[in-house]
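Descriptive structure summary
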Number of protein chains: 2
Amino acid sequence: MFFEGSEKKIEVIIADSSLNIREFGQAFWADIVACANAEILSSISNEDCDAYLLSESSLFVWQDRFVMLTCGTTTLADAVMSFIEHVGEESIAFASYQRKNEYLSHLQSSSFQDDLKKIRKTIAGNAYRIGHLDSHHHYMFSTKRPFIARDSDVTNELLMYHINGKAADYLRGVNQSKQGIQDLLALSELFPDFAVDDFLFEPFGYSINGIKGNEYFTIHITPQEKSSYVSLETNVNLANHSVDIYARLLSILNPGSWDVIGFNSPKNTQGFPAHLCLGSCSLATEQGYNIDFSHYQQLCHEVLIPEYL
Amino acid sequence: MFFEGSEKKIEVIIADSSLNIREFGQAFWADIVACANAEILSSISNEDCDAYLLSESSLFVWQDRFVMLTCGTTTLADAVMSFIEHVGEESIAFASYQRKNEYLSHLQSSSFQDDLKKIRKTIAGNAYRIGHLDSHHHYMFSTKRPFIARDSDVTNELLMYHINGKAADYLRGVNQSKQGIQDLLALSELFPDFAVDDFLFEPFGYSINGIKGNEYFTIHITPQEKSSYVSLETNVNLANHSVDIYARLLSILNPGSWDVIGFNSPKNTQGFPAHLCLGSCSLATEQGYNIDFSHYQQLCHEVLIPEYL
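On a predicted model such as this, the values are computed, not experimentally measured, just so you know.

1. A look at the pattern of salt bridges
With the rule as written, the count across this model stands at 28 salt bridges over all chains. A salt bridge links A:Glu11 to A:Arg65, with the shortest nitrogen-to-oxygen separation between them at 3.2 Å. Of the two residues, A:Glu11 sits in strand 1 (residues 8-14) while A:Arg65 sits in strand 5 (residues 65-70), which places them 54 residues apart along the sequence. Each member of the pair A:Glu11 and A:Arg65 is classed as buried. The partner of B:Lys9 in a salt bridge is B:Glu157, and the shortest N-O contact between them spans 3.0 Å. Of the two residues, B:Lys9 sits in strand 1 (residues 8-14) while B:Glu157 sits in strand 9 (residues 155-161), which places them 148 residues apart along the sequence. Each member of the pair, B:Lys9 together with B:Glu157, is buried.

See below:
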């Protein structure tokens, strides 16, 4: 029953303003997704964005950029290389590849170091790890081409581990439904007026994409009791948002520990459960991204149950 | 410069009182050690015990039992199987195999699950994991043959991660010496009257075995800045000992986090630095071992430095 919920992520921004990558069409994106060993399940679109729900996570495509997240044992590095080969390196303004620490990294088909070696054959860039190896940590690669991100180029990631309580029980139960999960997570309050597309996996596991104008959010739930993981990613500017999205999700899902990664997003722990910040790391990249990583744990002693193997 | 300091460990107790496994001699033990891809560097002996210092950690042999620890990418499960095949399963009263979480588990030649599958072909037993997969955790296998450990069958393990400060700097420096490290760790105070045998690796890294009667201690130091790890293991009864060994070592080495594993040893955090116990787990086995695992972290916020790759 083990499933690796933690994601790999790529983001590519196009330099060539005459290029509209949405026009490549679904068949093209299906090929890119297939490079990562995933497939498109469904999609929604608005004037700004196409949002694809994948068998392992999500893909969002705008005219000049795309973001793709995949979990499990997908090979996402291959997807970014395939894309770059297709459009040509000179069309790329910025590309990044990110990888979160896995629950069971030895089951992955490659390590970040392996991915890095491959990617650097196609495009040059800086890479780093933030966080200790024996705790939560994240790997990042980004190109070092001339490019400066706008301040409004914001990304927020909330990664929750070991969810507990009623919501967790519901998400592991047999009677869950898509609407039930949307209500549980209060998504219509957290992301009002977003068009959504969601999928309930068998026997459990849930993915949802939401878009409104050029804003997106995506939530992926791996509820397995011994290795639960729930991620939120959004480009909504949390500082201007009417609802405290992180605080609400933490309150509902009650994770034992969680990481927050912000790109050009101020740190804000208001409304968090009583916690200890086990470690944090800040990094300002030459491309104008101020990256903040923090690893939190609830401020209570956890009595662990042995897992029989 | 990466080296996996975290150890795998086997312990075997012999049922057949007519068998004296010390008499198997060094050539036999060299073969067992070779099964794990390690080799004997040196040894000391007293009336009760032979203590071998290995290229990757240690082996202690008494008349009716042995304990072997190996780090790096050694294949210790193969060593225990080779031993059991040699003496015959019926000669075994108790056998255990333990594996700590690795910094880079994907570099290991096998997972604990792989090891388990192999070992269970030779001998039946219970296995479990204590601790969350995304944090410090330990795997254990033990046989379920009829056997009851004596209360005095005590083992204490202190596993320290991310050592900091003057001692850490010394252990990473170029001017260290065996005597210098013994003095740094105040070993003559912590373990008075123990005969010792130690080895300084190039460019750094240190191992020491100590024995006194049937008591032993062993310390292994992997000082690498990004993945430091120092372990102490001893069967000295800490409750009756004149010096607070754990508190002294924690004070000297100043690790960011540490685990304590006790077998039939009461929990005692006296003299620990200000800390949070991130999680703990207790387990009473049918063989009479009361096992306590606790994962501690210093109670201060750690500002992490990105590691460039």
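There is more to say after this.
2. Brief notes about the interface of chain A and chain B
Note: interface size is frequently given as the accessible area lost on complex formation between the parts. Every contact between the two is made by 45 residues of chain A and, on the other side, 45 residues of chain B. Contact with chain B buries area across many residues of chain A, yet A:Asp134, A:Leu304 and A:Leu309 alone supply 20% of it, more than any other trio. Between A:Arg129 and B:Glu307 there is a salt bridge, with the nearest N and O atoms lying 2.7 Å from each other. The interface formed by chain A and chain B holds 15 residue pairs in polar contact (both at pLDDT 80 or more) in total. Among the secondary structure elements, those contributing two or more residues to the side of chain A that touches chain B are helix 3 (112-122), strand 7 (125-130), strand 15 (275-284), strand 16 (290-298) and strand 17 (307-308) of chain A. Element by element, the count of residues in the side of chain A that touches chain B is highest for strand 15 of chain A, at 8 residues. Residues that form the side of chain A that touches chain B fall into these classes: 23 nonpolar, 16 polar and 6 charged. Alignment of strand 7 of chain A against strand 17 (residues 307-308) of chain B, held across 2 bridges, turns out to be antiparallel. Within strand 17 of chain B, the residue paired with A:Tyr128 across the bridge is B:Tyr308.

3. Description of the environment of B:Ser294
Residues and elements named next belong to chain B. Mapped onto the elements, Ser294 comes out in strand 16 (residues 290-298). Sequence separation of Ser294 and Ala168 is 126 residues, and the distance between their C-alpha atoms is 23 Å. Apart from residues no more than four positions distant in its own chain, Ser294 is found in contact with Trp258, Asp259, Val260, Lys267, Cys277, Gly279 and Ser280. Here the side chain of Ser294 touches Lys267 through a polar contact of 3.3 Å, side chain to side chain.

4. Quick word on the sheet that holds strand 5 (residues 65-70) of chain B
If you trace the 9 strands from one edge of the open sheet to the other, you get 17(A)-7(B)-8(B)-6(B)-1(B)-5(B)-4(B)-3(B)-2(B), paired in antiparallel fashion. With one partner strand each, in any of the chains shown, strand 17 of chain A together with strand 2 (40-45) of chain B form the two edges of the open sheet. Bridge count between strand 3 (residues 49-54) of chain B and strand 4 (residues 57-62) of chain B: 6 bridges; the pairing is antiparallel. Along strand 4 of chain B, the bridge assignment pairs B:Cys49 with B:Trp62. Each of strand 6 (92-100), strand 7 (125-130) and strand 8 (138-143) of chain B touches helix 3 (residues 112-122) of chain B; the most contacted strand, strand 8 of chain B, lies at about 5° to it.

5. Quick word on the side chain of B:Gln182
Examined against the element boundaries, B:Gln182 turns out to sit in helix 5 (residues 178-184). Among the residues examined, B:Gln182 registers a relative accessible area of 16% and is labelled buried.

6. Some points on the relation of the copies chain A and chain B
With an axial shift of 0.0 Å and an RMSD of 0.0 Å, the rotation relating chain A to chain B amounts to 180°. Accordingly, the operation relating the two chain copies is best matched by a two-fold axis. Relative to the rotation axis, the closest C-alpha in chain A is found at A:His106, a distance of 2.0 Å. Interface residue correspondence from chain A to chain B reaches 100%, placing this contact among same-surface, isologous pairings.

7. Notes on unusual backbone geometry
Residue and element names in this part refer to chain A. Cis geometry is adopted by the peptide bond preceding Pro203, which originates at Glu202 and carries an omega value of -5°. With respect to the helices and strands, the residue Pro203 is situated in the loop between strand 10 (195-200) and strand 11 (206-212). Located in the positive-phi region is His162, a residue other than glycine, with phi close to 60°. Turning to its location among the elements, His162 is positioned in the loop between strand 9 (155-161) and helix 4 (166-172). Looking at His162, the relative accessible area reads 5%, which means it is buried. Of note, the phi angle at Ala186 is positive, near 55°, even though the residue is not glycine. Tracing the chain through its elements places Ala186 in the loop between helix 5 (178-184) and helix 6 (187-190).

8. Section: the packing of aromatic side chains
Residues and elements named next belong to chain A. Counting across every chain of the model gives 52 aromatic pairs over all chains. On the basis of an interplanar angle of 70° and a centroid distance of 5.2 Å, the ring pair of Tyr161 and Tyr229 is categorised as edge-to-face. Taken together, the residues span a long stretch of sequence, with Tyr161 in strand 9 and Tyr229 in strand 13 (residues 229-234) at a distance of 68 residues. Residues Tyr161 and Tyr229 agree in their burial class; the two are buried.

9. Things to note about helix 3 of chain A
Residue and element names in this part refer to chain A. Every buried residue of helix 3 is listed here: Phe112, Asp115, Leu116, Ile119 and Thr122. Along the axis of helix 3, the buried residues cluster in a sector spanning 115°; they form a single face. Facing away from the buried surface of helix 3 by more than 90 degrees, the exposed residues are Lys117 and Lys121. Buried positions along helix 3 lie against helix 2 (76-87), strand 6 (92-100), strand 7 and strand 8 (138-143).

10. Regarding the packing of helix 2 of chain A against helix 3 of chain A
Residue and element names in this part refer to chain A. As a packed pair, helix 2 and helix 3 sit with axes 10 Å apart at the nearest point and diverge in direction by 5°. The orientation of helix 2 relative to helix 3 falls into the category roughly parallel. Where helix 2 approaches helix 3, its residues Ala77, Asp78, Val80, Met81, Ile84 and Glu85 are matched on the opposing element by Asp115, Lys118, Ile119 and Thr122. Here the residues of the contact of helix 2 with helix 3 are counted per class, giving 5 nonpolar, 1 polar and 4 charged.

11. Observations concerning the sheet that holds strand 13 (residues 229-234) of chain B
Residues and elements named next belong to chain B. With antiparallel pairing, 8 strands are arranged side by side in an open sheet as 10-11-12-13-9-14-16-15. Each of the sheet's edge strands pairs with one partner strand only, and the pair in question is strand 10 (195-200) and strand 15 (275-284). Put simply, the sheet's adjacent strands are angled 10° from each other on average, direction ignored. As defined by bridge partners, strand 11 (residues 206-212) adjoins strand 12 (residues 215-222) across 7 bridges and the pair is classed as antiparallel. Within the sheet, the bridge partner assigned to Ile211 lies in strand 12 and is Tyr216. Helix 7 (residues 245-253) contacts strand 9, strand 13 and strand 14 (257-263) of the sheet and is inclined by roughly 15° relative to strand 9.

Thresholds applied
Positions within a chain are numbered from 1, following the residues in the order the chain's sequence is written. Here chains are named by letter from A upward and ligands by number from 1 upward, in the order in which they appear as written. Only residues with pLDDT of 70 or above have their local features reported here, since the model is predicted, and side-chain atom pairs are shown and tallied only from 80 upward, although totals for entire chains, interfaces and linings are computed over all residues. The side-chain numbers reported here are obtained from all heavy atoms of the structure, hydrogens and water having been left aside. Throughout this description, the term salt bridge denotes a Lys or Arg side-chain nitrogen within 4 Å of a carboxyl oxygen of Asp or Glu. Numbered from the N terminus, helices here are DSSP runs of H or I no shorter than four residues, and strands are runs of E no shorter than two. Relative accessibility under 20% of the residue-type maximum defines a buried residue, over 50% an exposed one, and the middle range a partly exposed one, all with a 1.4 Å probe and only protein chains included. Any two residues whose heavy atoms approach within 4.5 Å are treated as being in contact. Once two parts are put together, the accessible area they lose, assessed with a 1.4 Å probe and summed over both, is termed the buried area. For this analysis, a polar contact is any N or O atom pair within 3.5 Å, provided that within protein one partner can donate a hydrogen and the other can accept it, and provided that sequence-adjacent residues contribute only side-chain to side-chain pairs. Three residue categories are used. Nonpolar comprises Ala, Val, Leu, Ile, Met, Phe, Trp, Tyr, Cys and Pro, charged comprises Asp, Glu, Lys and Arg, and polar comprises the others, including Gly. For two strands to pair, DSSP has to find at least two bridges joining them. Note on geometry: axes are lines fitted to C-alpha atoms, helical ones only across the stretch in contact, with angles between N-to-C directions running from 0 to 180 degrees. C-alpha atoms of residues with pLDDT of at least 70 in both copies form the basis for the least-squares superposition of the copies. Think of it this way: a Phe, Tyr or Trp ring, Trp meaning its six-membered ring, pairs with another when their centres are within 6.5 Å, and the plane angle makes it stacked under 30 degrees, edge-to-face over 60, tilted otherwise. By construction, the arc corresponds to the directions joining the helix axis to the C-beta atoms. In these notes the angle categories are as follows: under 35 degrees is roughly parallel, over 145 is roughly antiparallel, 65 to 115 is roughly perpendicular, and the rest is oblique.

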